[in-house]
Amino acid sequence: MRALTWHGKHDVRVETVDDPEVLNPRDAIIRVTSTAICGSDLHLYDGSIPTMQKGDILGHEFMGEVVETGAASTLKKGQRVVVPFTIACGACYHCGKHQYSACDNGLPAENQDIAQVLYGQPMSGLFGYSHMTGGYAGGQAEYVRVPFSDTGPIVIPDGVDDDKVLFLSDILPTGWMAAENAGIEPGDIVAVWGCGPVGLFAVQSALLMGAERVIAIDHFPHRLELARHFGAETINFEQSSVYEALLEMTGGIGPDAVIDAVGLEAHGFFVDNVLDQIKVSTFLGTDRAHSIRQAIHACRKGGRVSMPAVYGGFIDKFPLGAFMEKGLTLRTGQTHVQHYLPGLLAAVMADKIDTTFLISHRLPLEQAADGYRLFHDHQNEVTKVVLKPGLQPA
Amino acid sequence: MDHPAHEPDHDDAPLTTSKSHDAAATARETLVDARGDVLVGKSVTINKPRDELYAFWRDFANLACFMENVERIDVVDHQRSHWVVRAPAGKTVEWDAIVTQDRPGELIAWTSAEGAQVPNSGRIEFRDAGARGTVVSATILYDPPAGAVGRVIAMMFQREPAIQARRELRRFKQLMETGEIATSARTRQQREEERG
């Protein structure tokens, strides 16, 4: 089959590799019909994520048709499914509590050691996202082996467009969980850092959950325009001082809840960012974190901090004093995708949430490397690249 | 249980987490016919009843399906089993293990037979953990030998014996909880290569 493989910083290639096979009873093989490039794939593209190996197949947002099933799979050939990016067993203690991204059994035992040392306990497996998260081949390919296919993938009704449901795989549930983690109460003012897909879905979700006002923060005019389209007010951090603006826009109080949807690749030339960048390049630290610092600084007293943004390592100058003195609450984590799928599929089917606005580019899988370059270099215009293995090159 | 009586100057943490150099010696006192001077111990919680876990473990032939490098385990009789472990260059090392204590649903302890190339002994315990299932704890004493056999042991326990023990227990957990052992291989050939 053809697949997008990683070879190093800014070096991804579409190559011919062996087709996947059913290896365990609960496996299924999916023929991919649509797969997206995620903002977090750019972290791999930029070489920021450790434990990658040459030849790794990327991609954790994908859907397709079931073409083969193991003896214990509950899927049937021909069904169309969206596959969660988190690989969870559905049988352990954490899955029982719907903490799917904390699944005990999604990671092969030999891949659990690094996270055991780094984080204290290993998390679930992820598709196409380094060997620390399992080394599973991802979905930017013609076919994928999907473990635990009886518990993860959600079956899509016939006649529903891929574009309408593809983002159930990651970014829609991630944006929804971000808003849920913000503990929104009616009348709240919520500030969202980052108008990438997760931030934009968090904006939509926060309003659906009863937020009175949402303030979206970014520096890409097109992305801010998309946020405004959903009813958010905006702050362009290149035009206005974010902390001052947030305080003035909330009558001197600060937002009730803040959502950091930016994370470790925060853009902009802030002093702490530049210092973080130097530390990243000298291995003194791994994460750049301007947005979470600013979010904590601006949040009102007793407010809530939600952090869907991906961090992997250690943070310097975390404003622990502000966090403690103001009595804030922080909720975060990789998304428990399986928990949110049924409800969000229903919301999409009922047209309560629109996801198709996000797709700016559709490319054949063969042009995946171009897609990465495009997404990396033009983040204002390129909001989402969807790869279609079946699409003929234009 | 076979833990030493509580002494006022000791905390409640398991011996296997002790910083003391004589922890292995103390652990030896808790085993019948203890062999081995290096102590390794790990616990894992498995979302299954302890009787079920004990029954699977007690049929020693089953252990080869989740223990890396164990080629096969032949059950000789109810007390004695014969272990065949893969070694470098297509060789194997073998020894007999004898059950020294057996409490159904609770505990199995063993020691290696006289003359084993790798003297070892240990205990696997199963304790109720309420809604979380069962805590399974392995306590292993072994003598790391020098030379070729030493390399086998290094391979069996990888670089860090405690890490290897944790991996084995996690594969056991995966098999019991999910009915399979997680692999990120894409093809049968890749999986065979990973198993060595």
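Since the model is a prediction, treat every value here as computed from it, not as a measurement. (Residues numbered from 1 in each chain as written. Chains lettered and ligands numbered in written order. Predicted model: local features only at pLDDT ≥ 70, side-chain atom pairs only at ≥ 80, totals over all residues. Heavy atoms only, no water.)

Colleague: Teacher, can you tell me more about the overall build of chain A here?
Modeller: The helix and strand inventory of chain A stands at 13 helices and 18 strands. Here the C-alpha coordinates of chain A stretch approximately 60 × 50 × 50 Å along the principal axes. Classification of the 394 residues of chain A by burial places 60% in the buried group. Of all intrachain contacts in chain A linking residues separated by at least 6 positions in sequence, the fraction that spans at least 24 positions is 73%. A total accessible area of about 15200 Å² is found for chain A, and carbon and sulfur atoms account for 54% of it. In chain A, which carries 29 positive and 46 negative side-chain charges, the distance between the mean positions of the two groups comes to 2 Å. (Helix = DSSP H or I, 4+ residues; strand = E, 2+ residues; numbered from the N terminus. Buried < 20%, exposed > 50% of the residue type's maximum accessible area, 1.4 Å probe, protein only. Contact = heavy atoms within 4.5 Å. Areas by Shrake-Rupley, 256 points an atom, 1.4 Å probe, with all protein chains shown as cover. Lys, Arg positive; Asp, Glu negative; His and termini not counted. Charge placed at Lys NZ, Arg CZ, Asp CG, Glu CD.)

Colleague: Please explain the side chain of Glu168 of chain B as it appears in this structure.
Modeller: The residue Glu168 of chain B is located in helix 4 (residues 161–178) in this model. Not counting the four nearest positions on each side in its chain, Glu168 of chain B is found in contact with Phe66, Met67 and Glu68 of chain B.

Colleague: Is there a simple way to think about the packing of helix 5 (residues 171–181) of chain A against helix 6 (residues 197–208) of chain A in this case?
Modeller: The packing of two helices is summarised by the inter-axis angle and the distance between the axes. Residues and elements named next belong to chain A. Two elements in contact, helix 5 and helix 6, have axes separated by 7 Å at closest approach and are oriented at 50°. When the axes of helix 5 and helix 6 are compared, the pair comes out oblique. As for how helix 5 packs across helix 6, the hand of that crossing is right-handed. Residues Ile171, Leu172, Thr174, Gly175, Trp176, Ala178 and Ala179 of helix 5 lie in contact with helix 6, whose contacting residues are Pro197, Val198, Phe201, Ala202, Ser205, Ala206 and Leu208. When grouped by side-chain class, the residues that make up the contact of helix 5 with helix 6 number 11 nonpolar, 3 polar and no charged. (Axes fitted to C-alpha atoms, helices over the stretch in contact; angles between N-to-C directions. Parallel < 35°, antiparallel > 145°, perpendicular 65-115°, else oblique. Left-handed = near helix turned anticlockwise from the far one by under 90°. Nonpolar A, V, L, I, M, F, W, Y, C, P; charged D, E, K, R; others polar.)

Colleague: Help me understand the interface of chain A and chain B in this model?
Modeller: Interface size is commonly expressed as the accessible area that is lost once the parts come together. Opposite the 35 residues of chain A that make contact, chain B presents 22 residues. When chain A packs against chain B, close to 2600 Å² is buried across both sides, 44% of that on carbon and sulfur atoms. Considering only the side of chain A, the residues that lose the most area to chain B are Leu23, Tyr93 and Asn105 of chain A, jointly responsible for 23% of the buried surface there. Between chain A and chain B we count 5 salt bridges in total. A salt bridge links Arg167 of chain B to Asp113 of chain A; its shortest N-O distance comes to 2.4 Å. (Buried area = accessible area lost by both parts, 1.4 Å probe. Salt bridge = Lys/Arg side-chain N within 4 Å of Asp/Glu carboxyl O.)

Colleague: Looking at this structure, how should I read the confidence of the model for chain B?
Modeller: Caution applies to low-pLDDT regions: their predicted coordinates should not be interpreted in detail. All names here are of chain B. Residues of chain B with pLDDT of at least 70 account for 86%, and the chain-wide mean is 87. When pLDDT is averaged over each helix and strand of chain B, the minimum, 60, is found for helix 3 (residues 147–156) and the maximum, 98, for helix 2 (residues 50–58). At the level of chain-chain contacts, confidence expressed as ipTM amounts to 0.89, with global pTM at 0.90. (pLDDT = per-residue confidence, 0-100.)

Colleague: Explain the sheet that holds strand 4 (residues 56–57) of chain A to me, please; I cannot follow it from the model alone.
Modeller: Backbone-to-backbone hydrogen bonds pair the strands of a sheet. The strands run either parallel or antiparallel. Spatial ordering of the open sheet is given by 2-1-4 (chain A), a layout of 3 strands whose pairing is antiparallel. Edge strands, defined here as strands with exactly one partner in the open sheet, are strand 2 (11–16) and strand 4 of chain A. (Pairing = 2+ DSSP bridges.)

Colleague: In this structure, what is going on with helix 13 (residues 368–377) of chain A? I would like to understand it.
Modeller: An α-helix turns once every 3.6 residues. As a result, residues three or four positions apart point the same way. Of all the residues in helix 13 of chain A, the buried ones are Ala368, Ala369, Gly371, Tyr372 and Phe375 of chain A. Buried positions in helix 13 of chain A, seen along its axis, are confined to an arc of 155° and lie on one side of it. (Arc of directions from axis to C-beta.)

Colleague: How should I be thinking about helix 4 of chain B in this particular structure?
Modeller: Residues and elements named next belong to chain B. Taking 1.5 Å of rise per residue, the 18 residues of helix 4 would be expected to cover 26 Å, and the 25 Å separating its terminal C-alpha atoms lies within 8% of that figure. The buried fraction of helix 4 amounts to 16 of the 18 residues, a majority that puts the element mostly inside the structure. Positive phi shows up at Gly179, right after helix 4, with a value of about 80°. (Expected span 1.5 Å × (residues − 1).)

Colleague: Is there a simple way to think about the packing of helix 2 of chain B against helix 4 of chain B in this case?
Modeller: Residue and element names in this part refer to chain B. At a minimum axis distance of 12 Å, the contact between helix 2 and helix 4 shows a crossing angle of 115°. Relative to helix 4, helix 2 is oriented so that their crossing is right-handed. Residues Leu53, Phe56 and Trp57 of helix 2 pack against Leu169, Phe172, Leu175 and Met176 of helix 4. For the contact of helix 2 with helix 4, the class distribution of residues is 7 nonpolar, no polar and no charged.

Colleague: What exactly am I supposed to notice about the pairing of strand 18 (residues 385–388) of chain A here?
Modeller: Residue and element names in this part refer to chain A. Going residue by residue along strand 18, you find Val385 and Leu387 tucked away on one face and Val386 and Lys388 tucked away on the opposite face as well. Pairing between strand 3 (residues 28–37) and strand 18: 3 bridges, direction antiparallel. In the sheet register, Ala36 faces strand 18, and the bridge partner there is Val386. Relative to strand 18, strand 17 (residues 361–364) runs parallel, the two sharing 4 bridges. In the strand pairing of strand 18, Pro364 is matched with Lys388. As for the winding sense of the linkage, the β-α-β connection from strand 17 through helix 13 to strand 18 is right-handed. (Right-handed = clockwise from strand over helix to strand, strands pointing away.)

Colleague: Got a minute to help me understand the sheet that holds strand 3 (residues 80–86) of chain B in this structure?
Modeller: Residue and element names in this part refer to chain B. Strand order in the open sheet formed by 7 strands is 1-7-6-5-4-3-2, with antiparallel pairing between adjacent strands. Edge positions in the sheet fall to strand 1 (38–46) and strand 2 (70–75), since each of these pairs with one other strand and no more. Strand-to-strand twist in this sheet, taken as the mean axis angle between neighbours without regard to direction, amounts to 20°. Pairing analysis gives 5 bridges linking strand 2 to strand 3, with the strands arranged antiparallel. Looking across to strand 3, one finds that Arg72 is bridged to Val84. Sheet strands touched by helix 4: strand 1, strand 6 (120–128) and strand 7 (134–142). Its angle to strand 1, the strand with the most contacts, is close to 25°.

Colleague: Help me out: how do you make sense of the nonpolar core in this one?
Modeller: Buried together is how nonpolar side chains tend to be arranged in soluble globular proteins. Counting 74 residues, the largest nonpolar core has Val165 and Phe167 of chain A as its most contacted members. With 7 residues, the single largest contributor to this core is helix 12 (residues 337–349) of chain A. Counting 32 residues, the second-largest nonpolar core is a separate cluster that includes Phe56, Val85, Ile108 and Ala116 of chain B. (Core = buried A, V, L, I, M, F, W, Y, C linked by side-chain atoms within 4.5 Å.)

Colleague: Please explain unusual backbone geometry as it appears in this structure.
Modeller: With the exception of glycine, the majority of residues adopt a negative phi angle, and the majority of peptide bonds are in the trans configuration. Residues and elements named next belong to chain A. At Ser130, a residue that is not glycine, the phi angle is positive and equals roughly 80°. According to the relative accessible area criterion, Ser130 is buried, its value standing at 4%. If you check the backbone angles, Phe148 has positive phi at about 50° while not being a glycine. Its place among the elements puts Phe148 in the loop between strand 9 (143–146) and strand 10 (154–155). Here Phe148 falls in the buried class, since its relative accessible area comes to 2%.

Colleague: Help me understand the pattern of salt bridges, please; the structure alone is not making it clear to me.
Modeller: In a structure, side chains of opposite charge can pair up when their charged atoms sit close to one another. As enumerated under the stated definition, the model contains 32 salt bridges over all chains in all. A salt bridge links Lys164 of chain A to Asp351 of chain A, with the shortest nitrogen-to-oxygen separation between them at 3.3 Å. Taken as a pair, Lys164 of chain A in helix 4 (residues 162–165) and Asp351 of chain A in the loop between helix 12 and strand 17 lie far apart in primary sequence, 187 residues in all. The partner of Asp256 of chain A in a salt bridge is Arg300 of chain A, with the nearest N and O atoms 2.6 Å apart. Of the two residues, Asp256 of chain A sits in the loop between helix 8 (242–249) and strand 14 (257–260) while Arg300 of chain A sits in the loop between helix 10 (290–298) and strand 15 (304–307), which places them 44 residues apart along the sequence. If you follow the salt bridges from partner to partner, you end up with Glu110 of chain A together with Glu68, Glu168 and Arg171 of chain B in one network.

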